[in-house]
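Inside the fold
One letter stands for each residue in the lines below.
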Amino acid sequence: MYAERTASAELAMQLVKCKLEGHRFATGKQLVKAFQFFDKDRSGSLNAAQIASALKKLKIPVPQSAIDEIINAFDLNGDGNVNYFEFLQRLLGKVAASEF
């Protein structure tokens, strides 16, 4: 069951990457816009509800268990949310994210 959830989360992350790449979020400004698409309250961090809402708008059906796995995969500091730098690191990798 854990492997199933992890696979769902990984699939969701891959779909998000594809959607972002399809929309050509390549520059710093575009990545900020992508993050803001998720961060509707402009708090600078994403919670599970915001991620679920954004994935729904992107027409990516994901169960709550996979949302939790996405948070765990992106949340590098363990606070239960995903901040902008964590978002960049997961989508671009550590080296590329440090350039922003």
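Above: the structure in question.
Procedures and definitions
Residues numbered from 1 in each chain as written. Predicted model: local features only at pLDDT ≥ 70, side-chain atom pairs only at ≥ 80, totals over all residues. Heavy atoms only, no water. Helix = DSSP H or I, 4+ residues; strand = E, 2+ residues; numbered from the N terminus. Buried < 20%, exposed > 50% of the residue type's maximum accessible area, 1.4 Å probe, protein only. Lys, Arg positive; Asp, Glu negative; His and termini not counted. Salt bridge = Lys/Arg side-chain N within 4 Å of Asp/Glu carboxyl O. Polar contact = N/O pair within 3.5 Å; in protein donor to acceptor, adjacent residues only side chain to side chain. Contact = heavy atoms within 4.5 Å. Core = buried A, V, L, I, M, F, W, Y, C linked by side-chain atoms within 4.5 Å.

1. With respect to the side chain of Asp75
On the secondary structure map, Asp75 appears in the loop between helix 4 (64–74) and strand 2 (82–83). The buried charged residue Asp75 lacks any salt bridge, with Arg90 as its nearest oppositely charged partner at 11 Å. A distance of 2.7 Å separates the side chain of Asp75 from the backbone nitrogen of Gly80, its partner in a polar contact. With sequence-adjacent residues up to four places away left out, Asp75 is seen in contact with Gly80, Asn81, Val82 and Glu86.

2. A look at the nonpolar core
Membership of the largest hydrophobic core comes to 16 residues, with the highest contact counts inside it found for Phe38, Leu46, Ile51, Leu55, Phe74, Val82 and Phe87. Listed by contribution, the elements that provide at least two residues to this core are helix 2 (28–38), helix 3 (48–57), helix 4 and helix 5 (84–92). For this core, the leading source of residues is helix 4, giving four residues.

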